[in-house]
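# Observations on chain architecture
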Amino acid sequence: MSTATIDSHKVDHHGDAHGHHHKETFITKYIFSTDHKMISKQYLITGIIMGCLGMFMSMLFRLQLAWPDESVPFLETLLGKWAQGGKIDPNYYMALVTIHGTIMVFYVLTAGLSGTFSNLLIPLQVGARDMASPFMNMLSYWFFFLSSVVLLSSFAVETGPASSGWTVYPPLSALSKAMPGSGAGTTLWLVAIILFIVSALLGGINYITTVLNMRTKGMSMNRLPLTIWAFFLTAVLGLLSFPVLLGAGLLLIFDRSFGTSFYLSDIHLNGVGALTNSGGSPVLYQHLFWFLGHPEVYIILMPALGISSEVISTNARKPIFGYTAMIISLIGISFLSFIVWGHHMFITGMNPFLGTMFMYVTLIIAVPSAVKTFNYLATLWKGNIRFTPAMLFAIGLVSFFISGGLTGIYLGNAALDIQLHDSYFVVAHFHLVMGSAAIFGMFAGIYHWFPKMFGRMMNKTLGSMHFWLTFISAYLVFFPMHFMGLAGVPRRYYQFSLIPEFGIWMDVNVLITVSAWLGGLAQILFLYNFFYSIFKGPIASTNPWESNTLEWSTKLKHIHGNWEGDIPTVYRGPHEYSRPDRELDYFPQYEKGNGEPEHYHGPVTAVDNSYEGKKEKASTVFFSSFAYLFSMKRA
Amino acid sequence: MNTFFKNTLKIALALVIVFTAASFMSDVIDISGLSVEHLKADKPMFGTAEYAYDPGQADTPEKTLASKVNWTILIFVILMVLVLANAMDISKYTAKITGRETVNQTNVNKWMMLIFLILGFIGVIWEYIYHGKFILMNNSSSEHGVDYDSMFSITLILTSIVFFMTQFLLFMFSFMYAHKEGKKALYYAHNNRLELLWTFIPAVVLTILVLRGHQTWKSVVYAEENHKGKINSVEVFAYQFGWKARYAGEDGIMGMSDYKFISGTNELGLAVKSEVDMLLEELKLQIIADEETVKNLNTTILDGLMADFAAADGVKNYKSMESIQKKIDAVKNGDRLSDLKESIERKKKQIERILAIQNDEKIFASTFTPAAIDDIIAQEIHIAKDSLVTFNFRSKDIIHSAWLPHFRAQMNVVPGMPTKFTFRPTKSTAEAKAENDEEFDYYLYCNKICGVSHYNMKIKVVVESQAEVDAWLKTQSSPFMKKTEVVPAIMNDSLQMTNDTLKRVALR
């Protein structure tokens, strides 16, 4: 199969490559497919399934936090010996927290998001017949699939899944006598993560090669859609940082199984006695882990930012504001993300001077992030916003990015982190900026490119309802957590009822749990909409969002090689919306046009009175001064 | 047929949503609905309140009220969903006929943006006011905490301004520039001056924050180095799952300690010669016992287990049978054997290492100083108000984190790596009780996931005058002081005891 695919690429230049395809069987078409569009669908469906599981786990352990002393019998039905008497076992609570984190960070927001949309969009948006190495691409998915199976299989282990937190810090994770989950469960976790890293590397190399080498005629780097820039930089980040996690994981396996002492030293364990390990350092693992761990945050976030840039530009019918600035900030974030890992470790006992350095570089990251936020706002300004579900989710993303990003300024500050480290404030922070923002980016991507993936449309009304319910419940879940953290509530506590001081938060915990369940149930709307529309949705038009980018020039029906005949040539950047010198409010990259310049430089009237209503003129003084700033250049 | 199928699906979906939503809402109001007696196995897991509602039993007014509220909510939600479903259906059919959307989604979403902005801001401000009362701010009980709190306030004010400003613009723009027929957006691709402006302003603000943060950080982490003069010190020892405090005894010197010296009677592993000798003896006996077990593993021990298994009542005592079965399996598949061998190796190594310390004159002299003998070990931490104190952290097993939220202090406790935190408490426990309530106490919590009882791993911290601390120290035991006085008796006893137990174990 692979040879057949690669051959068909070689003969692409004839223009009739698709005449002589091998006959595809069910297996080559749907299972071991090497077609990037099918692989993208496989990633998406796997990601959605994993996402549902991860979310359901959080809903279960939220029950424990809201009603710590109540019995919820259906938990016993569901979890058996891990919830005897309807109360989740503390060890299993930790396991749920750990696997929830692992699934969400790696399987949903790394593979599900980046895997789906990099695979779908890179070839389609740069104008390539397929990935540089379709076979490797297929391997990448199957390693991911295998990894998911291995991770989930740890629920079948007698001592339970890994339960030392998604960061799996040794010595807790290295010693099977320290907690039950650190036995076979952690072995499976490590194997799953190593398979996952292999998958991420195979995918990453492919994405980078495809973007650099396989762009169509006219598609220079400064005409790439921001999605591609984001996917490209994400792949670079992954390629440089995942191997470090591989190293960390291997050393941990050595420590666990072969008696080495990379991370272990001076340990006397209850019921075991003094261990012979000496000379290792648990902090070494933390350095290695966060060397991946911090770039990982951006591996998760950047594709979401790329998707939202594209979706906002398309649906606001405006060029993305400051295209170059957006790229520079992405590059800046990528570079900085490699030298800030220490801000996860301010109070691990590392040299305080290192803390100072990490604080400086961490707070610098806020600058490119701020630029991105302001550029999004400027893109919305005076737009003609179409509230498609994708656009709603993109706006939600910007809102979360602001809320969660700002709390990063607290946590990046070494002094403030002394108090906030590992408190609920941190939980609120990363769930907003990394969790919610990225998952909203993923939803935006799904709603936006659903017609491209499945040739049908999703229901808009259900989409809007899904957005509002999820958006509101996410804020209800995560916003109060800031205050809990600031009041001194630690993270990863199984129950708060034993400590009287935390009693005042009981009603907040109930509110959070109820909101989490409502948010979780709201996803039924999405699942119904998604799966129903795959089969029964109205047939889409070729370019339903009137978008500029190259993927909408392909036929609705998926074919191997994407374009019948030649790959279209690209004439301009991806964001030429609402150009005054054109009748239509979009100008596709692949349309030759009548000699219009690449960018419109003609006179722009400062205020276009044709749509500037009276309402806007009566807006606040602050707002008009902001509007004035916008018109500075033209004055 | 198709429409029928669709409608059934739709109704089923609506019912599921209604049912679950209603039951959850009812749980908020009536949490007791989640207790066992309302959720017998023969009843569905959801909809507890409806099933709990039994007119015959509902004699208490609260219960009737709660049930009424639940039914109201249920009916309300059903109505809502019916209206929504109808609206959707009607709009779909009219859309089919007229080719236009009747429910203008743009308008709905546009107004939702504005409503969300207003309600959201009200909610955020309510949180600031209502939950803001509980947050630890402006009430620090330590000296550096005051600095910390002002740093926090500055950050809070700056970020709040940016938060309200940007969120306002985001939702206002979404509201104001919603799609209108025949309107064309403004083509406006970039403005370098503007972009420079909003690169420059955050950069300046962040520079201010970084410099301020740097100062605070420096003053906290270098507190010990910068202070000339005496600093009180306490060793805070963490283990699964608890804390212990160690104070220097009357000599004012903290004795040496080593994880290899930890034993049942010497929980902190202090370098006390008699204790260490006892540990060596104990280890040797354990090795002998282990070797004995290895010898008898497949004969007497296995037979004994089999006999136990046969004797256990399978119906009543399923659990114990299961655990015996596990033990038998472990013997049969060799797990037990390798465990024992490993344990023997480990103990031999430990003896070897202890002897290495004891046999090297220099190391011996520097380790086994008399300082350790009078050290005091306590279950509470008492520190003196207004004088600088250093917590020296040591972990027995895995990483813990010592968090003292009221003192704005936290430091990880790492095995094999000494860490410390220096601060000056400025508010005594009595003062804090007066400010809060009688129940209030300072605690040190574990804040790094460390196992099953992580959530309950805390130690009380008491801040009082130096005189009170001294008086309290007098009441605390220094375990090895007494022991040296009555060494022979206790030692013999405990040795005898271990001997007996070990023999019994070996026989089994």
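The paragraphs below set out a description of the structure included in this document. Computed from a prediction, not measured in an experiment: that's the story for all the values here. (Residues numbered from 1 in each chain as written. Chains lettered and ligands numbered in written order. Predicted model: local features only at pLDDT ≥ 70, side-chain atom pairs only at ≥ 80, totals over all residues. Heavy atoms only, no water.)

### Observations concerning the overall build of chain B
Tallying secondary structure elements over chain B gives 15 helices and 10 strands in all. Residues classed as buried in chain B amount to 44% of the 508 residues present. Looking at chain B alone, contacts between residues at least 24 apart form 70% of all its contacts between residues at least 6 apart. Surface accessibility of chain B: about 26,100 Å² in total, with carbon and sulfur atoms responsible for 63%. (Helix = DSSP H or I, 4+ residues; strand = E, 2+ residues; numbered from the N terminus. Buried < 20%, exposed > 50% of the residue type's maximum accessible area, 1.4 Å probe, protein only. Contact = heavy atoms within 4.5 Å. Areas by Shrake-Rupley, 256 points an atom, 1.4 Å probe, with all protein chains shown as cover.)

### Notes on the overall build of chain A
Of regular secondary structure, chain A possesses 18 helices and two strands. Rg of the C-alpha trace for chain A: 25 Å, near the compact-globule value of 26 Å for 635 residues, within the 12% margin. On the principal axes, the C-alpha backbone points of chain A span a range of 80 × 65 × 50 Å. Within chain A, the fraction of its 635 residues that count as buried is 68%. (Rg over C-alpha atoms; globule rule 2.2 N^0.38 Å.)

### Let's talk about the interface of chain A and chain B
Each partner contributes to the interface: chain A provides 155 residues, whereas chain B provides 127 residues. Both sides of the chain A and chain B interface together cover about 13,300 Å² of buried area, and 70% of this is carbon and sulfur. Viewed at the interface, chain B and chain A are joined by two salt bridges. A salt bridge links Glu158 of chain A to Lys326 of chain B; its shortest N-O distance comes to 2.9 Å. Inspection of the chain A/chain B interface yields 44 residue pairs in polar contact (both at pLDDT 80 or more). It is helix α11 (residues 352-380) of chain A that provides the largest number of residues to the side of chain A that touches chain B, a total of 16 residues. Here the residues of the side of chain A that touches chain B sort into 97 nonpolar, 36 polar and 22 charged. (Buried area = accessible area lost by both parts, 1.4 Å probe. Salt bridge = Lys/Arg side-chain N within 4 Å of Asp/Glu carboxyl O. Polar contact = N/O pair within 3.5 Å; in protein donor to acceptor, adjacent residues only side chain to side chain. Nonpolar A, V, L, I, M, F, W, Y, C, P; charged D, E, K, R; others polar.)

### Quick look at the packing of aromatic side chains
Enumeration over the complete set of coordinates arrives at 89 aromatic pairs over all chains. Taking the centre distance of 6.2 Å and the plane angle of 80 degrees together, the rings of Tyr169 of chain A and Tyr285 of chain A count as edge-to-face. With a gap of 116 residues between them, Tyr169 of chain A in the loop between α6 (134-153) and α7 (184-213) and Tyr285 of chain A in helix α9 (residues 282-315) connect regions that are remote in the sequence. Residue Tyr169 of chain A shares its accessibility class with Tyr285 of chain A, and that shared class is buried. Pairing Phe121 of chain B with Phe164 of chain B gives two aromatic rings, centres 4.9 Å apart and planes at 80 degrees, and the pair type is edge-to-face. Placement of the pair is Phe121 of chain B in helix α4 (residues 105-130) and Phe164 of chain B in helix α5 (residues 143-176), with a sequence separation of 43 residues. Here Phe121 of chain B falls in the buried class, since its relative accessible area comes to 19%. Given a relative accessible area of 22%, Phe164 of chain B falls into the partly exposed group. A cation over an aromatic ring shows up here: Arg572 of chain A above the ring of Phe587 of chain A, its NZ or CZ 3.5 Å from the ring centre. Sitting above the plane of the Phe175 of chain B ring, Lys110 of chain B keeps its charged end 5.5 Å from the centroid. (Phe/Tyr/Trp six-rings, centres within 6.5 Å; stacked < 30°, edge-to-face > 60°. Lys NZ or Arg CZ within 6 Å of the ring centre and 35° of its normal.)

### Some thoughts on the pairing of strand β10 (residues 458-464) of chain B
All names here are of chain B. A large share of β10 lies buried, amounting to five of its seven residues. Relative to β10, strand β4 (residues 381-384) runs parallel, the two being bridged by four bridges. Bridge pairing links Ile383 to Val463 in β10. Pairing of strand β9 (residues 442-446) with β10 involves four bridges; the strand directions are antiparallel. The partner of Tyr443 across the bridge, within β10, is Lys460. (Pairing = 2+ DSSP bridges.)

### Quick notes on the pattern of salt bridges
All names here are of chain A. Evaluated as defined, the whole model comprises 28 salt bridges over all chains. The salt bridge partner of Asp422 is Arg491, with a shortest N-O separation of 3.1 Å. Of the two residues, Asp422 sits in the loop between α13 (414-420) and α14 (424-454) while Arg491 sits in the loop between α15 (460-486) and α16 (506-536), which places them 69 residues apart along the sequence. According to the relative accessible area criterion, Asp422 is buried, its value standing at 7%. According to the relative accessible area criterion, Arg491 is buried, its value standing at 12%.

### Looking at the environment of Asn232 of chain B
Residues and elements named next belong to chain B. Inspection of the secondary structure puts Asn232 in strand β1 (residues 232-239). A sequence separation of 20 residues divides Asn232 from Gly252, and the C-alpha atoms of the two residues are 9.8 Å apart. For Asn232, the contacting residues outside a window of four places in its chain are Ala384, Ser387, Leu388, Val389, Thr390 and Gln466. Of note is the side chain of Asn232, whose polar atom sits 3.3 Å from the side chain of Ser387.

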